Structure formats: C-alpha cells, structure tokens
Amino acid sequence: MTGSIRPVGPSRFWGWVLFVVMVAALYMIFIYAPTERQMGDIQRLFYFHVGAAWNAFFAFFVVFIMSLLYLKTRSTRWDVIALSSAEIGVIFTTIVLVTGPIWGKAYWGHWWTWDPRLTTTLILWFIYVAYLVIRSSAEGENRARFAAVFGIIGFVDVPIVFLSIHWWRTIHPKVIDATGINMEPEMVITLLVSVAAFTLLYFYLLSQRVAIETTGREVSRLRDRLRTRAGL
Amino acid sequence: MPFLKKVWYITWKDIRSEFRTKETMTSMLIFALLVLVIFSFAFNPTPTETKRIFPGIIWVGFFFAGVLGLNRSFARERENDCLAGLMLAPVDRSAIYFGKVLGNSLFMLVVELVTLPVFIVFFDYSVRGSLVALGLIFLLGTFGFVAVGTFLSALATNTRTSEILLPIILFPIIIPVVIAVVQATASIFAGASWSAATLLWVKVLVAYDVIFLVVPFLLFEYLLEV
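Keep in mind it's a predicted model, so treat the numbers as computed, not measured.

Regarding the overall build of chain B
Turning to step 1, where the next piece is worked out: Summing up its helical and strand segments, chain B has nine helices and zero strands in all.
Turning to step 2, where the next piece is worked out: For chain B, the sequential pattern of α-helices and β-strands runs α-α-α-α-α-α-α-α-α.
Turning to step 3, where the next piece is worked out: Relative to the 2.2 N^0.38 estimate, which gives 17 Å for 226 residues, the radius of gyration of chain B is 18 Å and therefore close to what a compact globule would have.
Turning to step 4, where the next piece is worked out: If you line up chain B on its principal axes, its C-alpha atoms span 55 × 35 × 30 Å.
Turning to step 5, where the next piece is worked out: Counting every position in chain B, which comprises 226 residues, the buried fraction comes to 50%.

Written as structure tokens, this is what we have:
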C-alpha cells in the first residue's frame, strides 16, 4: 500500500497570495505604469507577454530536468511533474504567441515576422505539443519513458533552432541590450511584479496539476486492483 | 567482432531485406517525384520563380519522401517480431541505432541521387557551383535528418499512432537542418560554392549532426527496453 501518496494541491494560503499579487500586477500594469510615448497603451501587453514567455521557457526547462531525473530514477513522481509542467508551458507559450502578434500588428504593422525569437517560440510550441501527443499516443510503461526521452531531445534542440534562425534573419525589438534596460523605472518595477505574478501562477498551477494527476493515477491503480480482486 | 563490423551487419541486413521487396525505395522515389509535380502545379514556376524556390522544393521533396522511409524502418521490424530478434542479437543497442542510421541514409541518398536530375530537368533549372560542395551538403543534410529521424522512428513505432506520430514529432526537431541545408544548397546553386555563407551552414550542419548523433546514442537504449 502506497500510503505515502496523499495528493494535496496548493494550500489556500498560496491561493490568496497569488490573488493579491495578481491584483497588484494588474493595478500596476494598467494604472501605475506610465503610458509608453511611441507605442501608447498597446505597450501594456508587454507585461503579460514577458511574464508568460519567461515562465514558458522555465516550464520547459523543468520538463528537461524532470525527464533526466525520471530516466535516472524511474520514479513516477518526476514524470508527473514533467507532464504538468509541459502542459502549463504550452499554455503560456500560446499566450506569448497570441499577445505577440496583437502588439506587432499595432506597432510594426505586421502580425508576424519570421525573426529568431518569434520563430523559436513557435517551434517551441510545436515541440512541446509533440511532447504531449507522444504522451497520449504511447501506452503503459512506454509513456513516461518515451516522453522523457523526447523531453531531453526537444530541449537540446531549442538553442540550435534559435541560432540557425538567428543566422537566417533578425528584427525583434531589443528592450534589454548591453547598455542596460531601456525603460522607465516604473515600467521595470511593473515588469518585475508581472513576472513574479506569472511565476507564482506557474507554481500554483503546477502543484494543482500534479495533485490531480497523482490522484488520477492512484484512482486507476485502485480500480485495477479491485477489478483483479473481483476476478474481472 | 569490432563495433563497426556489427554496425555494418545491421545495415547490410536492412539493405538486403530492402532489395528483396524494394517497396520502401520505390514508394520514396515515386513520392519525391509526386511532390515535384504537385509543386509545379501549386507554383506554376516561371524561370525567375524557379530560381528562387528550387532549393527549397527539392528538399521538401526529399524530407517528405524520407519520412516515408523512416516510418518503414522500424515498422518493418514489428512484423514477425523481428525487433525482438534484433534486440536478442549479441550487439550493443547503439550498434542497432548506427546500423539503421547508415542504412536509412543510404536509401535516402539513392533517392536524392535519382530524383535530383529529374527535378533539374523538369524545372529546367541551370545548376552552377561545385559538385563536391553540393555532395558534402547533401551528405551532411541527409545524415542529420536521418540521425534524428531514425531515433524518433524507433520511438514512434511503439505507440498507437506510429505512422502519423513520426512527422509530428520529427519536423519541429529538424528545423535547423531544413534551414541550413536549403540555404547552403541555394548558395551553391547561385555559384557561391565555398563562400562564407555556405561555410556557415556547413558548420551548422556539422554541429547538428554531431549533437544529434551523440544524444540519441546516449538515449537509444531507453527506447528499446522490454
């Protein structure tokens, strides 16, 4: 009996913390932060865009680490985290891919350009959707193992994708360059709070998803056992 | 038995079984030619248009045909439990991987060698540039594609949706090869065989090939567990 498995989601406390931080971030994004002189209000999308982007990359990094840990230890714990993180990462990447073109249309006049960062994000989305497809397509014990293998391959591929697209072409706005950050101090603070809110959201969703997945697996394990006992 | 000899035996087995039926190669060839025909309907190529899109078209044809071949590579081993037999062979799992990579690369190179002249004729394309450079690019590009493709084919074949899964998981991963090989081919065809641009893409391809030979080599045993 694996009595140790007691899936508990994030506590109420963290739910409230997340709520407060998100409200603060919204306040700062829409009221506290000054309006950008050239781009106008559309620039406020940037705070959501960067928050989601940073966490999407982080989520995929977590998938990579968890995949390595799974192959090494074969403990399903890591597999559950990898799966949860990949799903959240795909959602965050989708947010990035939706907010980017809206901003781009308003500022550049194009929905999309094939520049390295945009294109890499798009490819990233494809890679991790493929990762989720592998999970739903592989069966039994293969599922976690194949997913982990692809989680490693996919992550290793990302820098090469970025560099090859970079050599192919380049025009993303450089907000942060070698001389430092080209933003008003209020904007920087708002950005930091927004990134913090997204990061908290990531961990909150992750622990929720891990709890659901663990419970789901435990339920199907118990069901199988009952079936065997009933001789079905 | 030295490692390379074991690898060669696996490759030789694949070549022999392919030459008994010739089904994979035939499908790949016909498919590559079909892609050519479809493209000429889709783009209605004028001479200037052709000049621009030709390097891209041929590689799309090769990659699509390549996926067909890769799908068969491990699917064929499932019949009569050949994969189990292969795994029982007294060789390292990596020998199976390298053997398959070598075999699939040869199949794909043959397809490229046969269809490239046909592409050139049908698109009435005037080729310039050095043959050596072109050969090098074709070798590197094909090898990179096949190294990842063979690995993911082994993964896909053990899933419920094997044939449709492979392209979905393979194409996002080979984006660097697609960019590099098409750019390099374009710059060679434009007459700049050993220009800095060509060399940059050669470097990208070499780096990709090495990385995606080593990483699958390290991970391959996890795919063929029983």
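Resuming the write-up.
Remarks on the overall build of chain A
Turning to step 1, where the next piece is worked out: Scanning chain A for helices and strands turns up six helices and two strands.
Turning to step 2, where the next piece is worked out: In chain A, the succession of helices and strands from N to C terminus is α-α-α-α-α-β-β-α.
Turning to step 3, where the next piece is worked out: With the C-alpha coordinates aligned to their principal axes, the bounding extent of chain A is approximately 70 × 45 × 30 Å.
Turning to step 4, where the next piece is worked out: Considering only contacts within chain A whose residues lie at least 6 apart along the sequence, 77% involve residues at least 24 apart.
Turning to step 5, where the next piece is worked out: For chain A, the exposed area adds up to about 12,400 Å²; of that, 69% sits on carbon and sulfur atoms.

Notes on the environment of Ser84(A)
Residues and elements named next belong to chain A.
Turning to step 1, where the next piece is worked out: Mapped onto the fold, Ser84 is located in helix α3 (residues 76–107).
Turning to step 2, where the next piece is worked out: Sequence-wise, Ser84 and Val210 are 126 residues apart; in three dimensions their C-alpha atoms are separated by 6.1 Å.
Turning to step 3, where the next piece is worked out: Discounting residues that sit within four places of it in the chain, Ser84 has contacts with Leu206, Arg209 and Val210.
Turning to step 4, where the next piece is worked out: In terms of polar contacts, Ser84 uses its side chain to reach the backbone carbonyl oxygen of Val80, at 2.7 Å.

Notes on the packing of aromatic side chains
Turning to step 1, where the next piece is worked out: Taken as a whole and judged by the stated rule, the model has 37 aromatic pairs over all chains.
Turning to step 2, where the next piece is worked out: Three or more aromatic residues joined by ring pairs form one cluster here, namely Phe3(B), Phe74(B), Tyr97(B), Phe98(B), Phe151(B), Phe217(B) and Phe220(B).
Turning to step 3, where the next piece is worked out: In this structure, Arg77(A) is placed above the aromatic ring of Trp78(A), and the distance from its NZ or CZ to the ring centre is 4.7 Å.
Turning to step 4, where the next piece is worked out: If you follow Lys100(B) out to its NZ or CZ, it ends over the ring of Phe74(B), 5.1 Å from the centre.

A few points about unusual backbone geometry
Turning to step 1, where the next piece is worked out: At Arg74(A), a position not held by glycine, the phi torsion is positive, near 60 degrees.
Turning to step 2, where the next piece is worked out: Given a relative accessible area of 31%, Arg74(A) falls into the partly exposed group.
Turning to step 3, where the next piece is worked out: Even without being glycine, Asp124(B) reaches a positive phi, approximately 50 degrees.
Turning to step 4, where the next piece is worked out: Tracing the backbone shows Asp124(B) in the loop between α5 (93–122) and α6 (131–157).
Turning to step 5, where the next piece is worked out: Judged by its relative accessible area of 69%, Asp124(B) is exposed.

Description of the side chain of Ser94(B)
All names here are of chain B.
Turning to step 1, where the next piece is worked out: Along the chain, the position of Ser94 falls in helix α5.
Turning to step 2, where the next piece is worked out: Of the residues examined, Ser94 reaches a relative accessible area of 5% and is grouped as buried.
Turning to step 3, where the next piece is worked out: Separated by 3.0 Å, the side chains of Ser94 and Asp92 make a polar contact.
Turning to step 4, where the next piece is worked out: In contact with Ser94, other than residues within four places in its own chain, are Phe3 and Phe217.

Brief notes about the interface of chain A and chain B
Turning to step 1, where the next piece is worked out: Contacts between chain A and chain B engage 28 residues on the former and 28 residues on the latter.
Turning to step 2, where the next piece is worked out: It is Ser137(A), Phe146(A) and Ile153(A) in chain A that bury the most area against chain B; as a group they hold 22% of the surface buried on that side.
Turning to step 3, where the next piece is worked out: Its salt-bridge partner being Arg160(B), residue Glu139(A) comes within 3.3 Å of it at the nearest N-O pair.
Turning to step 4, where the next piece is worked out: At the boundary of chain A with chain B, the tally comes to six residue pairs in polar contact (both at pLDDT 80 or more).

As for the pattern of salt bridges
All names here are of chain A.
Turning to step 1, where the next piece is worked out: Under the counting rule described, the total for this entry stands at 16 salt bridges over all chains.
Turning to step 2, where the next piece is worked out: For Glu213, the salt bridge identified is with Arg217, shortest N-O distance 2.9 Å. Residue Glu213 and its partner Arg217 are both found in helix α6 (residues 185–229); the two are separated by four residues, about one turn of the helix.
Turning to step 3, where the next piece is worked out: For Arg217, a relative accessible area of 27% translates into the label partly exposed.

Describing the confidence of the model for chain B
Turning to step 1, where the next piece is worked out: Of the residues in chain B, 100% have a pLDDT of 70 or more, and the chain-wide mean is 89.
Turning to step 2, where the next piece is worked out: Mean pLDDT across the elements of chain B ranges from a minimum in helix α4 (residues 82–88) of chain B, with 84, to a maximum in α6(B), with 93.

With respect to the packing of α6(B) against helix α9 (residues 196–223) of chain B
All names here are of chain B.
Turning to step 1, where the next piece is worked out: Orientation of α6 relative to α9, taken along the N-to-C sense of each, is 20 degrees, at an axis distance of 9 Å. The orientation of α6 relative to α9 falls into the category roughly parallel. Of the two elements, α6 crosses α9, and the hand of that crossing is left-handed. Every residue of α9 that contacts α6 at Leu136, Ile137, Leu140, Gly141, Phe143, Gly144, Ala147, Val148, Phe151, Ala154 and Leu155 is listed here: Val202, Leu205, Val206, Tyr208, Asp209, Phe212, Leu213, Pro216, Leu219, Phe220 and Leu223.
Turning to step 2, where the next piece is worked out: Partitioned by chemical class, the residues of the contact of α6 with α9 number 19 nonpolar, two polar and one charged.

Quick notes on the environment of Tyr32(A)
All names here are of chain A.
Turning to step 1, where the next piece is worked out: By secondary structure assignment, the location of Tyr32 is in helix α1 (residues 12–32).
Turning to step 2, where the next piece is worked out: Sequence spacing of Tyr32 and Met187 is 155 residues, and the spatial spacing of their C-alpha atoms is 8.6 Å.
Turning to step 3, where the next piece is worked out: Setting aside residues up to four positions removed in sequence, Tyr32 forms contacts with Tyr27, Glu186, Ile189 and Thr190.

Here is what the cut-offs are and how they apply
Numbering of residues starts from 1 in every chain and runs along the sequence as written. Labels follow written order: the first chain is A, the first ligand is 1, and so on. For a predicted model such as this one, the threshold for reporting local features is a pLDDT of at least 70, and the threshold for listing and counting side-chain atom pairs is 80 or more; totals across whole chains, interfaces and linings nevertheless cover every residue. Excluded from the side-chain calculation are hydrogens and water; included are all heavy atoms of the structure. Counting from the N terminus, the helices are DSSP H or I runs at least four residues long and the strands are E runs at least two residues long. In this treatment the radius of gyration is a C-alpha quantity, and the globule benchmark scales as 2.2 Å times the residue count to the 0.38 power. Only protein chains enter the accessibility calculation, which uses a 1.4 Å probe; a residue is then buried when its area is under 20% of its type maximum, exposed when over 50%, and partly exposed in between. Throughout, a contact is declared for two residues whenever any of their heavy atoms are within 4.5 Å. Under the convention used here, a 1.4 Å probe and the Shrake-Rupley method define accessible areas, while residue burial counts only the protein chains that appear. The definition of a polar contact used here is a pair of N or O atoms within 3.5 Å, where within protein one atom must be able to donate a hydrogen and the other to accept one, and adjacent residues in sequence count solely through side-chain atom pairs. Stacked, tilted and edge-to-face are the three classes assigned to paired rings of Phe, Tyr and Trp, where Trp is represented by its six-membered ring and a pair needs centres within 6.5 Å; plane angles under 30 degrees give stacked, over 60 edge-to-face, the rest tilted. We call a charge positioned above a ring when the Lys NZ or Arg CZ atom is no farther than 6 Å from the ring centre and deviates by at most 35 degrees from the ring normal. Buried area: the accessible surface (1.4 Å probe) lost by two parts on joining, summed over both. Note on definitions: salt bridges are taken to be side-chain nitrogens of Lys or Arg within 4 Å of carboxyl oxygens of Asp or Glu. A residue's pLDDT is the confidence the predictor assigns to it, expressed on a 0 to 100 scale. Orientation is described by axes fitted as lines to C-alpha atoms, over the contacting stretch for helices, and by angles from 0 to 180 degrees between their N-to-C directions. Should an angle lie under 35 degrees it is considered roughly parallel, over 145 roughly antiparallel, and from 65 to 115 roughly perpendicular; all remaining angles are considered oblique. Here a crossing is called left-handed whenever its near helix is offset anticlockwise from the far helix by less than a right angle, and right-handed whenever the offset is clockwise. Three classes are used, and their members are as follows: Ala, Val, Leu, Ile, Met, Phe, Trp, Tyr, Cys and Pro are nonpolar, Asp, Glu, Lys and Arg are charged, and the others, Gly among them, are polar.

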